[in-house]
Amino acid sequence: MLTQAPRGTKDVLPAESYRWQFLEKKMREAAALAGYREVRTPVFEHTELFLRGVGDTTDIVQKEMYTFRDKGDRSITLKPEGTAGAVRCFLEHNLYADALPCKMYYLNAPIFRYENPQSGRLREHHQFGLECFGAKEATADAELILLAYRLLQDLGIKNLSVEINSIGCPSCRPVYHTRLKEYLGGKLSQMCETCRERFERNPLRVLDCKEKKCQELTKDAPSMLDLLCDECRGHFDQLKSCLEQAGIPYRVNSRIVRGLDYYTKTVFELVTETKDGKLTVCGGGRYDNLVGQIGEQDIPAVGFGMGLERVLMLLDADGIVLPKPPQYDVFVTFMGAHGLRAFALVQQLRAGGIRADLDHCGRSLKAQFKYANKTGAPLTAVIGDEEAAGGTVKLKNMAGGEERTVPVSEVCGAVRNMIG
Ligand code: ATP
Ligand code: MG
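Calculation rules
- Residues numbered from 1 in each chain as written.
- Chains lettered and ligands numbered in written order.
- Predicted model: local features only at pLDDT ≥ 70, side-chain atom pairs only at ≥ 80, totals over all residues.
- Heavy atoms only, no water.
- Phe/Tyr/Trp six-rings, centres within 6.5 Å; stacked < 30°, edge-to-face > 60°.
- Helix = DSSP H or I, 4+ residues; strand = E, 2+ residues; numbered from the N terminus.
- Buried < 20%, exposed > 50% of the residue type's maximum accessible area, 1.4 Å probe, protein only.
- Near = heavy atom within 4 Å.
- Polar contact = N/O pair within 3.5 Å; in protein donor to acceptor, adjacent residues only side chain to side chain.
- Areas by Shrake-Rupley, 256 points an atom, 1.4 Å probe, with all protein chains shown as cover.
- Nonpolar A, V, L, I, M, F, W, Y, C, P; charged D, E, K, R; others polar.
- Axes fitted to C-alpha atoms, helices over the stretch in contact; angles between N-to-C directions.
- Parallel < 35°, antiparallel > 145°, perpendicular 65-115°, else oblique.
- Left-handed = near helix turned anticlockwise from the far one by under 90°.
- Contact = heavy atoms within 4.5 Å.

(A) Region of interest: the packing of aromatic side chains. Counted under the stated rule, the structure contains 10 aromatic pairs. The interplanar angle of 70° and the centroid separation of 5.8 Å between the aromatic rings of Tyr66 and Tyr114 together place this pair among those described as edge-to-face. Separated by 48 residues along the polypeptide, Tyr66 in strand β3 (residues 66-69) and Tyr114 in the loop between β5 (102-112) and β6 (124-133) bring together distant segments of the chain. Using a relative accessible area of 26% as the deciding quantity, one classes Tyr66 as partly exposed. Taking the relative accessible area as the measure of exposure, Tyr114 reaches 45% and is therefore partly exposed. When the ring of Tyr105 is compared with that of Phe128, the centres are 6.1 Å apart and the planes differ by 70°; the resulting orientation is edge-to-face. Highlighted residues: Tyr105 in strand β5 and Phe128 in strand β6, separated in sequence by 23 residues.

(B) Representation of the site of ligand 1. In the vicinity of ligand 1, 16 residues are found, and the nearest of them are Arg113, Glu115, Arg121, Lys210 and Arg258. Here His125 contributes a side-chain N or O atom positioned 3.3 Å from a nitrogen atom of ligand 1. Separating an oxygen atom of ligand 1 from a backbone N or O atom of Thr280 is a distance of 3.4 Å. Contact with the protein chains hides 92% of the accessible area of ligand 1, taken as 590 Å² for the molecule alone. Breaking the shell around ligand 1 down by element, the ones donating at least two residues are β6, β10 (277-286) and β11 (301-307). Broken down by element, the shell around ligand 1 gets its largest block of residues, four residues, from β10. Tallied by class, residues from the shell around ligand 1 come to three nonpolar, seven polar and six charged.

(C) Just the packing of helix α5 (residues 138-155) against helix α9 (residues 230-246), in detail. Two elements in contact, α5 and α9, have axes whose closest approach is 8 Å; the angle formed by their N-to-C orientations is 40°. As judged from the angle between their axes, α5 and α9 are oblique. In this structure, α5 meets α9 at a crossing whose hand is right-handed. Across from Ala138, Thr139, Asp141, Ala142, Ile145, Leu146 and Arg150 in α5, the residues of α9 making contact are His235, Gln238, Leu239, Cys242, Leu243 and Ala246.

This is the structure:
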(Lines give C-alpha, C1' and ligand atoms only; values in the text may rest on other atoms or scores of the structure.)
(Ligands and ions follow the chains in the order given, each with its own letter.)
Protein backbone atom coordinates (compact mmCIF):
# COMPACT_ATOMS: atom_id res chain seq x y z
CA MET A 1 0.00 0.00 0.00
CA LEU A 2 2.66 2.50 1.10
CA THR A 3 4.78 1.90 -1.96
CA GLN A 4 1.99 1.60 -4.46
CA ALA A 5 0.34 4.52 -6.25
CA PRO A 6 -3.48 4.50 -6.33
CA ARG A 7 -5.05 2.44 -9.11
CA GLY A 8 -5.35 4.26 -12.41
CA THR A 9 -2.55 6.74 -11.71
CA LYS A 10 0.92 6.85 -13.21
CA ASP A 11 4.23 8.33 -12.16
CA VAL A 12 6.36 10.13 -14.68
CA LEU A 13 9.90 9.11 -13.79
CA PRO A 14 12.88 11.48 -13.98
CA ALA A 15 14.32 9.48 -16.86
CA GLU A 16 11.07 9.80 -18.84
CA SER A 17 9.98 13.35 -18.16
CA TYR A 18 11.87 14.66 -21.17
CA ARG A 19 9.18 13.06 -23.35
CA TRP A 20 6.50 15.08 -21.59
CA GLN A 21 8.58 18.23 -21.80
CA PHE A 22 9.11 17.69 -25.50
CA LEU A 23 5.36 17.40 -26.06
CA GLU A 24 4.64 20.37 -23.84
CA LYS A 25 7.04 22.52 -25.83
CA LYS A 26 5.43 21.52 -29.13
CA MET A 27 1.98 22.16 -27.71
CA ARG A 28 2.88 25.61 -26.39
CA GLU A 29 4.36 26.53 -29.75
CA ALA A 30 1.30 25.32 -31.66
CA ALA A 31 -1.07 27.23 -29.35
CA ALA A 32 0.99 30.41 -29.47
CA LEU A 33 1.07 30.40 -33.27
CA ALA A 34 -2.72 30.75 -33.26
CA GLY A 35 -2.82 33.35 -30.49
CA TYR A 36 -3.82 31.07 -27.61
CA ARG A 37 -2.31 32.02 -24.25
CA GLU A 38 -2.00 29.85 -21.21
CA VAL A 39 -4.57 29.81 -18.42
CA ARG A 40 -4.05 27.95 -15.15
CA THR A 41 -7.10 27.14 -13.09
CA PRO A 42 -7.34 25.18 -9.85
CA VAL A 43 -7.34 21.40 -9.74
CA PHE A 44 -10.65 21.46 -7.86
CA GLU A 45 -13.81 23.48 -8.24
CA HIS A 46 -17.22 23.62 -6.60
CA THR A 47 -19.13 20.46 -7.53
CA GLU A 48 -22.03 22.59 -8.69
CA LEU A 49 -19.94 23.93 -11.57
CA PHE A 50 -19.67 20.48 -13.13
CA LEU A 51 -23.27 19.54 -12.43
CA ARG A 52 -24.29 22.66 -14.30
CA GLY A 53 -21.48 22.70 -16.83
CA VAL A 54 -20.82 19.10 -17.77
CA GLY A 55 -24.42 18.07 -17.32
CA ASP A 56 -25.94 15.72 -14.79
CA THR A 57 -27.01 13.15 -17.37
CA THR A 58 -23.46 12.42 -18.47
CA ASP A 59 -21.39 9.40 -17.50
CA ILE A 60 -18.78 11.76 -16.11
CA VAL A 61 -21.13 13.37 -13.61
CA GLN A 62 -23.12 10.27 -12.81
CA LYS A 63 -20.29 7.83 -12.34
CA GLU A 64 -16.84 9.26 -12.70
CA MET A 65 -16.36 12.32 -10.49
CA TYR A 66 -14.04 12.53 -7.51
CA THR A 67 -16.26 14.47 -5.16
CA PHE A 68 -15.77 15.07 -1.46
CA ARG A 69 -16.77 17.43 1.33
CA ASP A 70 -14.00 19.67 2.60
CA LYS A 71 -13.59 20.67 6.23
CA GLY A 72 -15.93 23.61 5.65
CA ASP A 73 -18.60 21.17 4.45
CA ARG A 74 -18.49 22.43 0.85
CA SER A 75 -18.86 19.92 -1.93
CA ILE A 76 -15.67 19.95 -3.96
CA THR A 77 -14.82 18.02 -7.13
CA LEU A 78 -11.46 17.31 -8.72
CA LYS A 79 -11.64 18.53 -12.33
CA PRO A 80 -13.16 15.80 -14.51
CA GLU A 81 -12.59 17.92 -17.65
CA GLY A 82 -11.06 21.29 -18.45
CA THR A 83 -13.75 23.39 -20.05
CA ALA A 84 -16.03 24.16 -17.10
CA GLY A 85 -13.12 25.59 -15.08
CA ALA A 86 -12.04 27.72 -18.03
CA VAL A 87 -15.59 29.05 -18.41
CA ARG A 88 -15.79 29.83 -14.70
CA CYS A 89 -12.48 31.69 -14.93
CA PHE A 90 -13.57 33.58 -18.05
CA LEU A 91 -16.71 34.75 -16.25
CA GLU A 92 -15.19 35.44 -12.85
CA HIS A 93 -12.55 37.76 -14.29
CA ASN A 94 -14.91 39.46 -16.76
CA LEU A 95 -12.69 38.44 -19.63
CA TYR A 96 -15.70 38.89 -21.91
CA ALA A 97 -15.37 42.66 -21.35
CA ASP A 98 -12.19 42.65 -23.46
CA ALA A 99 -12.24 42.47 -27.23
CA LEU A 100 -13.25 38.95 -28.22
CA PRO A 101 -12.36 36.28 -29.04
CA CYS A 102 -10.60 35.33 -25.87
CA LYS A 103 -8.26 32.45 -26.67
CA MET A 104 -6.75 30.34 -23.94
CA TYR A 105 -5.08 26.99 -23.48
CA TYR A 106 -4.21 24.77 -20.57
CA LEU A 107 -1.35 22.36 -20.60
CA ASN A 108 -0.72 19.27 -18.57
CA ALA A 109 -3.90 19.91 -16.62
CA PRO A 110 -4.62 16.92 -14.37
CA ILE A 111 -8.07 15.46 -15.01
CA PHE A 112 -9.71 12.99 -12.63
CA ARG A 113 -12.29 10.41 -13.57
CA TYR A 114 -13.25 7.32 -11.65
CA GLU A 115 -13.01 4.99 -14.62
CA ASN A 116 -12.22 1.35 -15.02
CA PRO A 117 -8.47 1.56 -15.59
CA GLN A 118 -7.21 -0.08 -18.78
CA SER A 119 -4.88 0.75 -21.62
CA GLY A 120 -5.31 4.46 -22.40
CA ARG A 121 -7.83 4.93 -19.62
CA LEU A 122 -6.58 6.27 -16.32
CA ARG A 123 -8.15 7.75 -13.21
CA GLU A 124 -5.80 10.69 -13.38
CA HIS A 125 -4.76 11.80 -16.83
CA HIS A 126 -3.48 15.08 -18.27
CA GLN A 127 -4.87 17.24 -21.00
CA PHE A 128 -3.77 19.90 -23.39
CA GLY A 129 -6.90 21.92 -24.05
CA LEU A 130 -7.80 25.02 -26.01
CA GLU A 131 -10.86 27.22 -25.59
CA CYS A 132 -11.92 30.08 -27.84
CA PHE A 133 -14.62 32.34 -26.35
CA GLY A 134 -16.69 34.75 -28.37
CA ALA A 135 -16.15 33.34 -31.85
CA LYS A 136 -19.30 32.06 -33.49
CA GLU A 137 -17.90 31.48 -36.98
CA ALA A 138 -16.87 28.00 -38.11
CA THR A 139 -13.40 29.33 -38.92
CA ALA A 140 -12.74 29.06 -35.18
CA ASP A 141 -13.88 25.42 -35.10
CA ALA A 142 -11.73 24.71 -38.14
CA GLU A 143 -8.61 26.35 -36.75
CA LEU A 144 -8.84 24.19 -33.63
CA ILE A 145 -9.23 20.99 -35.63
CA LEU A 146 -6.31 22.00 -37.82
CA LEU A 147 -4.14 22.90 -34.89
CA ALA A 148 -4.71 19.52 -33.25
CA TYR A 149 -4.24 17.65 -36.52
CA ARG A 150 -1.04 19.44 -37.52
CA LEU A 151 0.42 19.05 -34.05
CA LEU A 152 -0.13 15.30 -34.00
CA GLN A 153 1.05 14.97 -37.55
CA ASP A 154 4.21 16.97 -36.81
CA LEU A 155 4.92 14.58 -33.97
CA GLY A 156 4.84 11.81 -36.52
CA ILE A 157 1.65 10.03 -35.44
CA LYS A 158 0.35 7.82 -38.21
CA ASN A 159 -3.12 6.75 -39.31
CA LEU A 160 -4.69 9.86 -37.93
CA SER A 161 -8.17 10.74 -39.01
CA VAL A 162 -10.46 13.66 -38.32
CA GLU A 163 -14.09 12.85 -37.70
CA ILE A 164 -16.64 15.62 -37.56
CA ASN A 165 -20.33 15.90 -36.91
CA SER A 166 -22.92 18.48 -36.04
CA ILE A 167 -25.34 17.82 -33.21
CA GLY A 168 -27.43 20.89 -33.92
CA CYS A 169 -28.74 23.47 -31.50
CA PRO A 170 -31.71 23.82 -29.15
CA SER A 171 -33.91 24.79 -32.08
CA CYS A 172 -33.30 21.67 -34.21
CA ARG A 173 -32.17 19.02 -31.75
CA PRO A 174 -35.53 18.41 -30.03
CA VAL A 175 -37.02 17.16 -33.30
CA TYR A 176 -34.10 14.79 -33.62
CA HIS A 177 -34.52 13.63 -30.02
CA THR A 178 -38.08 12.65 -30.82
CA ARG A 179 -37.06 10.75 -33.96
CA LEU A 180 -34.24 9.01 -32.18
CA LYS A 181 -36.49 7.96 -29.31
CA GLU A 182 -38.99 6.52 -31.76
CA TYR A 183 -36.20 4.56 -33.39
CA LEU A 184 -34.67 3.35 -30.13
CA GLY A 185 -37.96 2.61 -28.40
CA GLY A 186 -38.44 -0.87 -29.87
CA LYS A 187 -34.83 -1.93 -29.32
CA LEU A 188 -34.53 -0.76 -25.77
CA SER A 189 -35.06 -4.15 -24.14
CA GLN A 190 -31.97 -5.48 -25.94
CA MET A 191 -29.72 -2.62 -24.89
CA CYS A 192 -27.40 -2.30 -21.92
CA GLU A 193 -28.68 -0.93 -18.66
CA THR A 194 -26.81 2.34 -19.03
CA CYS A 195 -28.37 2.92 -22.44
CA ARG A 196 -31.83 2.31 -21.02
CA GLU A 197 -31.10 5.10 -18.54
CA ARG A 198 -29.62 7.28 -21.26
CA PHE A 199 -32.76 6.80 -23.29
CA GLU A 200 -34.77 8.53 -20.58
CA ARG A 201 -32.36 11.28 -19.69
CA ASN A 202 -30.44 12.03 -22.87
CA PRO A 203 -31.12 9.74 -25.87
CA LEU A 204 -28.29 11.21 -27.95
CA ARG A 205 -25.83 9.62 -25.59
CA VAL A 206 -26.96 6.13 -26.59
CA LEU A 207 -25.01 6.64 -29.82
CA ASP A 208 -21.85 7.05 -27.73
CA CYS A 209 -22.17 3.67 -26.03
CA LYS A 210 -19.02 1.56 -26.23
CA GLU A 211 -20.84 -1.80 -25.93
CA LYS A 212 -20.70 -3.77 -29.18
CA LYS A 213 -24.31 -4.91 -28.82
CA CYS A 214 -25.65 -1.37 -28.47
CA GLN A 215 -23.51 -0.08 -31.34
CA GLU A 216 -24.89 -2.82 -33.56
CA LEU A 217 -28.47 -2.00 -32.60
CA THR A 218 -28.05 1.68 -33.39
CA LYS A 219 -26.12 1.41 -36.61
CA ASP A 220 -29.06 2.56 -38.71
CA ALA A 221 -30.26 5.20 -36.29
CA PRO A 222 -31.52 8.45 -37.83
CA SER A 223 -28.83 11.08 -38.29
CA MET A 224 -28.91 14.55 -36.79
CA LEU A 225 -27.36 15.79 -40.01
CA ASP A 226 -30.64 15.22 -41.86
CA LEU A 227 -32.49 17.45 -39.45
CA LEU A 228 -30.18 20.43 -38.94
CA CYS A 229 -31.83 23.86 -39.08
CA ASP A 230 -30.61 26.28 -41.74
CA GLU A 231 -28.22 28.02 -39.40
CA CYS A 232 -26.61 24.81 -38.17
CA ARG A 233 -26.39 23.43 -41.68
CA GLY A 234 -24.74 26.62 -42.95
CA HIS A 235 -22.27 26.48 -40.06
CA PHE A 236 -21.41 22.85 -40.77
CA ASP A 237 -20.94 23.62 -44.47
CA GLN A 238 -18.62 26.49 -43.60
CA LEU A 239 -16.58 24.16 -41.38
CA LYS A 240 -16.23 21.62 -44.16
CA SER A 241 -15.18 24.34 -46.63
CA CYS A 242 -12.46 25.50 -44.24
CA LEU A 243 -11.12 21.97 -43.77
CA GLU A 244 -11.16 21.44 -47.52
CA GLN A 245 -9.37 24.73 -48.07
CA ALA A 246 -6.69 23.62 -45.61
CA GLY A 247 -6.40 20.32 -47.44
CA ILE A 248 -6.87 18.03 -44.49
CA PRO A 249 -8.82 14.82 -44.90
CA TYR A 250 -11.90 14.43 -42.72
CA ARG A 251 -14.80 12.09 -42.40
CA VAL A 252 -18.33 13.03 -41.43
CA ASN A 253 -19.38 10.59 -38.73
CA SER A 254 -22.91 11.14 -37.53
CA ARG A 255 -22.34 8.89 -34.52
CA ILE A 256 -19.98 11.27 -32.79
CA VAL A 257 -21.99 12.92 -30.04
CA ARG A 258 -19.29 13.37 -27.37
CA GLY A 259 -19.60 12.52 -23.72
CA LEU A 260 -20.49 15.98 -22.45
CA ASP A 261 -23.86 17.70 -22.45
CA TYR A 262 -22.78 21.17 -23.39
CA TYR A 263 -21.98 20.72 -27.06
CA THR A 264 -23.87 22.46 -29.87
CA LYS A 265 -23.26 22.35 -33.62
CA THR A 266 -19.71 21.09 -34.25
CA VAL A 267 -18.33 18.05 -32.48
CA PHE A 268 -15.13 16.36 -33.56
CA GLU A 269 -12.62 13.71 -32.68
CA LEU A 270 -9.15 12.88 -33.86
CA VAL A 271 -8.83 9.12 -33.90
CA THR A 272 -6.16 6.60 -34.77
CA GLU A 273 -6.21 2.91 -35.50
CA THR A 274 -4.08 0.96 -33.04
CA LYS A 275 -3.62 -2.76 -32.73
CA ASP A 276 -6.26 -2.74 -29.98
CA GLY A 277 -8.73 -0.83 -32.15
CA LYS A 278 -9.80 2.75 -32.45
CA LEU A 279 -8.30 5.26 -30.04
CA THR A 280 -9.54 8.82 -29.62
CA VAL A 281 -6.64 11.12 -28.90
CA CYS A 282 -8.46 14.45 -29.05
CA GLY A 283 -12.08 15.46 -28.74
CA GLY A 284 -13.84 18.76 -28.84
CA GLY A 285 -16.60 20.89 -30.19
CA ARG A 286 -18.67 23.99 -29.94
CA TYR A 287 -20.52 24.96 -26.79
CA ASP A 288 -22.51 28.06 -27.60
CA ASN A 289 -24.79 27.79 -24.58
CA LEU A 290 -22.42 26.80 -21.81
CA VAL A 291 -21.22 30.29 -20.87
CA GLY A 292 -24.83 31.45 -20.61
CA GLN A 293 -25.69 28.40 -18.56
CA ILE A 294 -23.01 29.10 -15.98
CA GLY A 295 -23.15 32.91 -16.04
CA GLU A 296 -25.40 35.51 -17.58
CA GLN A 297 -23.45 36.34 -20.72
CA ASP A 298 -24.51 34.66 -23.88
CA ILE A 299 -21.17 33.95 -25.52
CA PRO A 300 -20.48 31.28 -28.11
CA ALA A 301 -17.34 29.18 -27.69
CA VAL A 302 -15.46 26.23 -29.07
CA GLY A 303 -12.63 24.08 -27.76
CA PHE A 304 -10.93 20.73 -27.51
CA GLY A 305 -9.11 18.47 -25.08
CA MET A 306 -6.21 16.21 -25.97
CA GLY A 307 -4.97 13.49 -23.65
CA LEU A 308 -1.19 13.64 -23.18
CA GLU A 309 -0.93 10.01 -22.07
CA ARG A 310 -2.71 8.94 -25.22
CA VAL A 311 -0.39 11.01 -27.41
CA LEU A 312 2.59 9.35 -25.72
CA MET A 313 0.98 5.95 -26.16
CA LEU A 314 0.61 6.55 -29.88
CA LEU A 315 4.21 7.73 -30.19
CA ASP A 316 5.27 4.47 -28.55
CA ALA A 317 3.02 2.40 -30.76
CA ASP A 318 4.41 4.08 -33.87
CA GLY A 319 7.98 3.58 -32.63
CA ILE A 320 8.68 7.32 -32.62
CA VAL A 321 11.69 8.19 -30.49
CA LEU A 322 11.80 11.68 -29.04
CA PRO A 323 15.15 13.43 -28.66
CA LYS A 324 16.59 12.66 -25.25
CA PRO A 325 18.85 15.30 -23.73
CA PRO A 326 21.80 13.88 -21.78
CA GLN A 327 21.63 14.34 -18.04
CA TYR A 328 25.13 15.85 -18.07
CA ASP A 329 27.44 17.35 -20.65
CA VAL A 330 30.41 16.67 -18.49
CA PHE A 331 30.98 14.65 -15.33
CA VAL A 332 33.82 15.83 -13.10
CA THR A 333 35.92 13.09 -11.50
CA PHE A 334 38.60 13.73 -8.91
CA MET A 335 41.21 12.07 -6.76
CA GLY A 336 40.66 11.99 -3.01
CA ALA A 337 42.22 15.28 -1.93
CA HIS A 338 40.76 17.42 -4.69
CA GLY A 339 37.07 17.35 -3.85
CA LEU A 340 36.90 21.08 -3.29
CA ARG A 341 38.53 21.82 -6.63
CA ALA A 342 36.06 19.50 -8.33
CA PHE A 343 33.20 21.20 -6.53
CA ALA A 344 34.42 24.62 -7.69
CA LEU A 345 34.87 23.35 -11.25
CA VAL A 346 31.29 22.06 -11.35
CA GLN A 347 30.02 25.46 -10.22
CA GLN A 348 32.13 27.15 -12.88
CA LEU A 349 30.77 24.83 -15.59
CA ARG A 350 27.17 25.32 -14.52
CA ALA A 351 27.65 29.09 -14.45
CA GLY A 352 28.81 28.73 -18.05
CA GLY A 353 25.58 26.98 -18.96
CA ILE A 354 27.09 23.50 -19.07
CA ARG A 355 25.29 20.57 -17.42
CA ALA A 356 27.82 19.23 -14.96
CA ASP A 357 28.11 17.22 -11.78
CA LEU A 358 30.57 15.44 -9.52
CA ASP A 359 30.36 12.44 -7.25
CA HIS A 360 28.38 13.01 -4.06
CA CYS A 361 28.59 9.43 -2.82
CA GLY A 362 32.23 8.99 -1.80
CA ARG A 363 33.16 6.78 -4.75
CA SER A 364 36.71 5.83 -5.69
CA LEU A 365 38.11 7.37 -8.86
CA LYS A 366 37.47 4.13 -10.73
CA ALA A 367 33.88 3.99 -9.53
CA GLN A 368 33.41 7.66 -10.46
CA PHE A 369 34.37 6.80 -14.04
CA LYS A 370 31.99 3.91 -14.09
CA TYR A 371 29.21 6.11 -12.80
CA ALA A 372 30.04 8.90 -15.28
CA ASN A 373 29.74 6.37 -18.06
CA LYS A 374 26.39 5.23 -16.77
CA THR A 375 24.98 8.77 -16.81
CA GLY A 376 25.71 8.96 -20.52
CA ALA A 377 27.74 12.16 -20.14
CA PRO A 378 29.72 12.62 -23.36
CA LEU A 379 32.70 14.08 -21.48
CA THR A 380 34.48 13.57 -18.18
CA ALA A 381 36.80 16.05 -16.56
CA VAL A 382 39.61 14.62 -14.43
CA ILE A 383 41.34 16.35 -11.55
CA GLY A 384 44.30 14.31 -10.34
CA ASP A 385 47.43 15.43 -8.50
CA GLU A 386 49.10 16.60 -11.69
CA GLU A 387 46.13 18.67 -12.83
CA ALA A 388 45.67 20.13 -9.36
CA ALA A 389 49.31 21.18 -9.21
CA GLY A 390 49.23 22.77 -12.66
CA GLY A 391 45.80 24.47 -12.37
CA THR A 392 44.54 22.39 -15.28
CA VAL A 393 41.78 19.89 -16.01
CA LYS A 394 41.96 16.85 -18.25
CA LEU A 395 38.90 16.49 -20.49
CA LYS A 396 38.13 13.07 -21.89
CA ASN A 397 35.74 12.27 -24.66
CA MET A 398 33.93 9.15 -23.48
CA ALA A 399 33.10 7.88 -26.92
CA GLY A 400 36.18 8.72 -28.94
CA GLY A 401 38.85 8.64 -26.24
CA GLU A 402 40.17 12.05 -27.27
CA GLU A 403 41.89 13.82 -24.36
CA ARG A 404 42.78 17.46 -23.81
CA THR A 405 44.44 19.13 -20.87
CA VAL A 406 43.33 22.74 -20.52
CA PRO A 407 43.79 25.50 -17.92
CA VAL A 408 40.86 25.69 -15.50
CA SER A 409 40.09 29.22 -16.73
CA GLU A 410 39.46 27.89 -20.26
CA VAL A 411 37.44 24.84 -19.35
CA CYS A 412 33.99 26.07 -20.50
CA GLY A 413 35.20 26.96 -23.98
CA ALA A 414 37.04 23.66 -24.31
CA VAL A 415 33.99 21.65 -23.23
CA ARG A 416 31.77 23.43 -25.73
CA ASN A 417 34.31 22.83 -28.39
CA MET A 418 34.57 19.12 -27.64
CA ILE A 419 30.85 18.44 -27.51
CA GLY A 420 30.18 20.58 -30.57
P1 ATP B 1 -13.60 8.39 -24.23
O2 ATP B 1 -14.69 8.35 -25.24
O3 ATP B 1 -12.32 7.71 -24.67
O4 ATP B 1 -14.04 8.02 -22.87
P5 ATP B 1 -14.07 11.10 -23.62
O6 ATP B 1 -15.10 11.47 -24.59
O7 ATP B 1 -14.47 10.76 -22.22
O8 ATP B 1 -13.16 9.93 -24.19
P9 ATP B 1 -12.99 13.74 -23.46
O10 ATP B 1 -13.78 14.08 -22.29
O11 ATP B 1 -13.32 14.35 -24.74
O12 ATP B 1 -12.90 12.16 -23.62
O13 ATP B 1 -11.45 13.99 -23.13
C14 ATP B 1 -10.55 14.49 -24.12
C15 ATP B 1 -9.38 13.57 -24.31
O16 ATP B 1 -8.80 13.21 -23.06
C17 ATP B 1 -9.72 12.24 -24.93
O18 ATP B 1 -9.78 12.33 -26.31
C19 ATP B 1 -8.55 11.39 -24.48
O20 ATP B 1 -7.41 11.65 -25.27
C21 ATP B 1 -8.29 11.89 -23.10
N22 ATP B 1 -8.93 11.06 -22.07
C23 ATP B 1 -10.22 11.06 -21.67
N24 ATP B 1 -10.44 10.21 -20.68
C25 ATP B 1 -9.23 9.64 -20.40
C26 ATP B 1 -8.78 8.68 -19.45
N27 ATP B 1 -9.61 8.13 -18.57
N28 ATP B 1 -7.47 8.34 -19.46
C29 ATP B 1 -6.61 8.89 -20.34
N30 ATP B 1 -6.97 9.81 -21.24
C31 ATP B 1 -8.26 10.18 -21.29
MG1 MG C 1 -14.93 8.96 -21.22
